[in-house]
Amino acid sequence: VCQKHTAAVARTLCAPPHAPWPPDPRIRAGSCTSKLGGLDYTGLMQVVVHLHAELARLAPDNRGVLTLDVAQGTRVADVLEHFALGTQHRIIVGVNGEAARTDQELVDGARIDLLTPLAGGSAQTRS
Amino acid sequence: MTNGYWDRVLHVDLTRSETRVESLGDAFWRRHLGGRSLIGHYLLREVPRNADPLGPDNVLVFACGILTGLPFPGAGRHSVGAKSPLTGAFGESEAGGFWGAELRHAGWDAIVVHGRAAGPVYLWIADGLVEFRGAAHLWGKETGEVEDALRQSHGDRLVRVAQTGIAGEHGVRFALVVNDLNEVAGRTGLGAVMASKNLKAIAVRGTRKLPVADNTPIQQTARWVIDTMEDNHYNFHHFGTGAAMLGKHIEGHLIVRNFQDGQWTPEQVTAIDAKTFAESPYRQKMDGCYACSVRCKKRAKDEAMGVEPRYGGPEYETLGATGTNLQVDDLPILLRINQRLNRVGIDSVSFGATVAWSMECYERGLLTDKDTGGIPLHWGDGATVLKLVDLVAEREGPLGDLLADGALAAARRLGRDSEQYVVHVKGLEVAMHDPRAMRPMLENYPITPTGGDHTGAGRHRTSLRNTVGLCQFLAYDEPRVTELVRGATGWDVTDEELRAVVSRGLSLARLFNLREGLTAADDRLPQRLHDPLLKGPLSDRRLDQAEVQSIVTEYYAEQGWDTTTGAPLLGTLEALEIAEYAEHAPGIVPTGPSPRRVPPAVRGGELGERHEE
């Protein structure tokens, strides 16, 4: 778990008591900064991830915006996994401003928005 | 000695300039706990059937809950209620801040305002002292000036003021009651009721400590909120409401162009959301209500624009109603609109929704320059929206006067088939959450006694909080609320007993609405919310009327109401120990056993009965 994935943050995101703890062990130390999967993908593709509201804590500087180097064929699900936001979480994902499926492949230069569902300020579920 | 309440309700007769104190008795308090249920009690008993909401026969109730003013986060809430001049139905709205806590610290649980004063007055309450004071010098003044004047005249900057604004004075039917300048009982037009009684303000100073049976749950809860702030209240604490509006856009249920589109552009949404505000030079700080460490209240400041922190900052509902819904993507002008609304005392939700209706009508050619007095109405024109605040507040010109009655009345006055574009439930403009996408709102809007109100509370959780005086934002689970009530009162209440309390309030509000002429046909959504959204991923979906009907019928059954008419059954009222209210709604209550099993609220009859001092 990288230094930004603190216990407090992960517990919030995991919506206790159902979520597994600790979070996915595949998240590597320092992985927030770049390079999904531990491979050298530099130069292949870059995507910009915007982490909104409470998710901003997952970015190194808490400002919620970071650039990731990713391989061709990287999917939305890989990005979610990178931030330990697996399928058990209700996360809204937008790619270039539109709703995205988890199996959707990313394209170079994509903007990815990650948000928790909020109605005003409190978590809400959607039908 | 009571715990958790004073058993003192202040009745104020403005017509006669008289006050009296009512003691309702311990059994009453255990059955009702305050807030919503107390409002239902007084509206049914004190307001004559078909009373003019802006006439002297209406009553205006300021009702604290059993937890209001206790020293833990979320306990700074109070309710305000009356027959609504906007809907003609049960009117209720909740506010935070400090005023409600101050009222309790002055030794009062509620105020019931009757009649109409001969001229403008305000009420001065200092613990047990209650005085009528002339308010001619305050009439026509903005809220900040009024609060300044009252604090100065009483020589105490901690005087807490609840007041109606210029909009209320002009009978704007969605005028609000504002306290502490930026906390509002916003919905259903209660500020117009207050002004119709020539009551400009209620200024309160309290120095008493409310006795509680066991302080432990209160202290533990206060500590728990602080210790778990980053886990449970991160967004509220750091951003306030409206931090992730882009999510609504992505999912396709952002409120845009009078509930037509569902999407705007990502850039425009994020230009006005709470995170952008937090990172902007306009945010002075975050602030809190009484005893609340969450501090979710924005304070905006910009000297060049004249934006003052004391008027707060825009909540999500305001960003939605005057921002996304009107396509105004200019954050500075939204800050000015928000401040202007608080300075003149207008509900931002009804205002934004009514303006949205007018913009759509203008776009469709149903509302012309002749109707508007030459004012063009275009989506995104923030300068005109800002100007409209004052036109509406003072009913100035044909457009200001038209919009000041709310969207439904305006449409009926305009005609031209414009009513189909009013997004309302029971005459109350729908809040900025789309039931086509949000199940909790789909289950709430049709049956909430006040109408299209996202916190108007037809369901248990929200209703309970509006009854005990607890903020909707605090992440308390039901057992914790029960523990807090037990600690405050010393009663061995259970979750189930609190469910019965909630049911009482809902049945009383229902009786009132049916008595005032509402029917099951009013428990519906407007046509606009059954139409597909025009943009985004939900544009291929249609909300069936049958689905809404199914929700409503199931709700009637859950409440022990007739499944066709929604009238509370006599057996239900008996089980809830409120059968005596049936006489205040003659011809409404059908005889029949209740499917409900409700535990007796009070066991053993050891508690006192009501009496009046």
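Residues numbered from 1 in each chain as written. Chains lettered and ligands numbered in written order. Predicted model: local features only at pLDDT ≥ 70, side-chain atom pairs only at ≥ 80, totals over all residues. Heavy atoms only, no water.

1. Notes on the side chain of B:Lys275
So, step 1. Within the secondary structure layout, B:Lys275 lies in helix 12 (residues 274-278).
So, step 2. Not counting residues up to four positions away in its chain, the partners in contact with B:Lys275 are A:Leu51, A:Ala53, A:Ala56, A:Arg63, B:Phe239, B:Gly242 and B:Ala243. (Helix = DSSP H or I, 4+ residues; strand = E, 2+ residues; numbered from the N terminus. Contact = heavy atoms within 4.5 Å.)

2. Thoughts on the sheet that holds strand 4 (residues 98-99) of chain A
Residues and elements named next belong to chain A.
So, step 1. In spatial order, the strands read 2-1-5-3-4; together these five strands make up an open sheet with mixed pairing. Edge strands, defined here as strands with exactly one partner in the open sheet, are strand 2 (65-70) and strand 4.
So, step 2. As judged from the six bridges shared by strand 1 (residues 45-51) and strand 2, these two strands associate in the antiparallel manner. Residue pairing across strands places Met45 opposite Val70, the latter belonging to strand 2. (Pairing = 2+ DSSP bridges.)

3. Focus on unusual backbone geometry
Residue and element names in this part refer to chain B.
So, step 1. If you check the backbone angles, Thr188 has positive phi at about 75° while not being a glycine.
So, step 2. Along the chain, Thr188 falls in the loop between strand 11 (183-185) and helix 6 (190-196).
So, step 3. Note on Thr188: relative accessible area 1%, which makes it buried.
So, step 4. Phi is positive for Asn198, close to 60°, though the residue is something other than glycine.
So, step 5. Assignment of secondary structure puts Asn198 in the loop between helix 6 and strand 12 (199-205).
So, step 6. The class for Asn198 is buried, based on a relative accessible area of 17%. (Buried < 20%, exposed > 50% of the residue type's maximum accessible area, 1.4 Å probe, protein only.)

4. Section: helix 14 (residues 331-344) of chain B
Residue and element names in this part refer to chain B.
So, step 1. The end-to-end C-alpha separation of helix 14 is 20 Å, in line with the 20 Å expected for 14 residues at 1.5 Å each.
So, step 2. In terms of residue burial, helix 14 counts as a mostly covered element, since 12 of its 14 residues are buried.
So, step 3. Among the residues making up helix 14, those that are buried are Leu331, Ile333, Leu334, Leu335, Ile337, Asn338, Gln339, Arg340, Leu341, Asn342, Arg343 and Val344.
So, step 4. Gly345 sits one or two residues past helix 14 and shows a positive phi near 80°. (Expected span 1.5 Å × (residues − 1).)

5. A few points about the pairing of strand 3 (residues 92-95) of chain A
Residue and element names in this part refer to chain A.
So, step 1. Where burial is concerned, the two faces of strand 3 agree: the one with Ile92 and Gly94 and the one with Val93 and Val95 are both buried.
So, step 2. The sheet contact formed by strand 3 and strand 4 spans two bridges and is antiparallel. Looking at strand 4, one finds that Val95 is bridged to Glu98.
So, step 3. Hairpin connection, strand 3 to strand 4: the antiparallel pair is bridged by two residues, and Asn96 has positive phi, about 55°.

6. Digging into the side chain of B:His233
Residues and elements named next belong to chain B.
So, step 1. Within the secondary structure layout, His233 lies in the loop between helix 8 (229-232) and helix 9 (234-239).
So, step 2. Here the side chain of His233 touches Ala475 through a polar contact of 2.9 Å, landing on its backbone nitrogen.
So, step 3. Ignoring any residue separated from it by four or fewer positions in sequence, one finds His233 in contact with Trp224, Val225, Thr228, Val294, Phe473, Leu474 and Ala475. (Polar contact = N/O pair within 3.5 Å; in protein donor to acceptor, adjacent residues only side chain to side chain.)

7. Overview of the pattern of salt bridges
It is possible for side chains of opposite charge to pair when their charged atoms get near one another.
Residues and elements named next belong to chain B.
So, step 1. Enumeration over the complete set of coordinates arrives at 55 salt bridges over all chains.
So, step 2. For Glu516, the salt bridge goes to Lys83, with nearest N and O atoms at 2.7 Å. With Glu516 in the loop between helix 23 (495-515) and helix 24 (545-559) and Lys83 in strand 4 (residues 78-83), this residue pair connects regions lying 433 residues apart in the sequence. With respect to class, Glu516 is no different from Lys83; both count as buried.
So, step 3. With its nearest N and O atoms 2.8 Å apart, the salt bridge here joins Arg257 to Asp261. With respect to class, Arg257 is no different from Asp261; both count as buried. (Salt bridge = Lys/Arg side-chain N within 4 Å of Asp/Glu carboxyl O.)

8. Let's talk about the interface of chain A and chain B
So, step 1. Opposite the 30 residues of chain A that make contact, chain B presents 33 residues.
So, step 2. Summed over both sides, the interface of chain A with chain B buries roughly 2,500 Å², with 56% coming from carbon and sulfur.
So, step 3. A salt bridge links A:Arg90 to B:Glu251; the nearest nitrogen and oxygen atoms lie 3.1 Å apart.
So, step 4. Here chain A and chain B share four residue pairs in polar contact (both at pLDDT 80 or more) between them.
So, step 5. Counting only elements with at least two residues in the side of chain A that touches chain B, the list comes to helix 1 (7-13), strand 3, strand 4, strand 5 (111-115) and strand 6 (118-119) of chain A. (Buried area = accessible area lost by both parts, 1.4 Å probe.)

9. A short note on the confidence of the model for chain A
All names here are of chain A.
So, step 1. On average, residues of chain A score 67 in pLDDT, and 57% of them are at 70 or above.
So, step 2. In the model of chain A, helix 1 stands out as the element of lowest mean pLDDT, 28, in contrast to strand 3, which has the highest, 95.
So, step 3. In the model, residues 1-42 has pLDDT below 50 throughout and makes 76 contacts with residues more than four positions away in sequence or in other chains.
So, step 4. Under a pLDDT of 50 for its full length, residues 123-127 has, in the predicted model, 22 contacts with residues more than four places off or in other chains. (pLDDT = per-residue confidence, 0-100.)

10. Some remarks on the sheet that holds strand 11 of chain B
Residue and element names in this part refer to chain B.
So, step 1. Spatially, 8-7-12-9-10-11 is the arrangement adopted by the six strands of the open sheet, whose pairing is mixed. Where the open sheet ends on each side, the last strands, each with one partner, are strand 8 (129-134) and strand 11. With direction set aside, neighbouring strand axes in the sheet form an average angle of 20°.
So, step 2. Those strands touched by helix 4 (residues 143-154) are strand 7 (121-126), strand 8, strand 9 (160-164), strand 10 (177-179) and strand 12, and its axis lies near 140° from that of strand 9. (Axes fitted to C-alpha atoms, helices over the stretch in contact; angles between N-to-C directions.)

11. Some remarks on the packing of aromatic side chains
Residue and element names in this part refer to chain B.
So, step 1. As enumerated under the stated definition, the model contains 11 aromatic pairs over all chains in all.
So, step 2. Between Phe62 and Trp99 the ring centres are 5.3 Å apart and the planes differ by 50°, which places this aromatic pair in the tilted class. Taken as a pair, Phe62 in strand 3 (residues 60-64) and Trp99 in helix 3 (residues 99-105) lie far apart in primary sequence, 37 residues in all.
So, step 3. The structure contains a cluster of three or more aromatic residues connected by ring pairs, namely Tyr5, Phe28, Trp29 and Trp491.
So, step 4. Taking NZ or CZ as reference, Arg160 lies 4.3 Å from the ring centre of Phe98, over its face.
So, step 5. Against the face of Trp139 rests Lys200, its NZ or CZ located 5.8 Å from the ring centre. (Phe/Tyr/Trp six-rings, centres within 6.5 Å; stacked < 30°, edge-to-face > 60°. Lys NZ or Arg CZ within 6 Å of the ring centre and 35° of its normal.)

12. Examining the nonpolar core
So, step 1. Formed by 185 residues in total, the largest nonpolar core has its most connected members in B:Ile125 and B:Trp357.
So, step 2. No other element matches helix 23 of chain B, which puts 10 residues into this core.
So, step 3. Here B:Trp357 is in contact with B:Asn258, B:Leu402, B:Leu403, B:Ala407, B:Ala410, B:Ala411, B:Leu414, B:Ser418, B:Tyr421 and B:Val422, once residues within four sequence places are set aside.
So, step 4. One finds A:Met45, A:Ala59, A:Val79 and A:Leu85 within the second-largest nonpolar core, a separate group that totals 23 residues. (Core = buried A, V, L, I, M, F, W, Y, C linked by side-chain atoms within 4.5 Å.)

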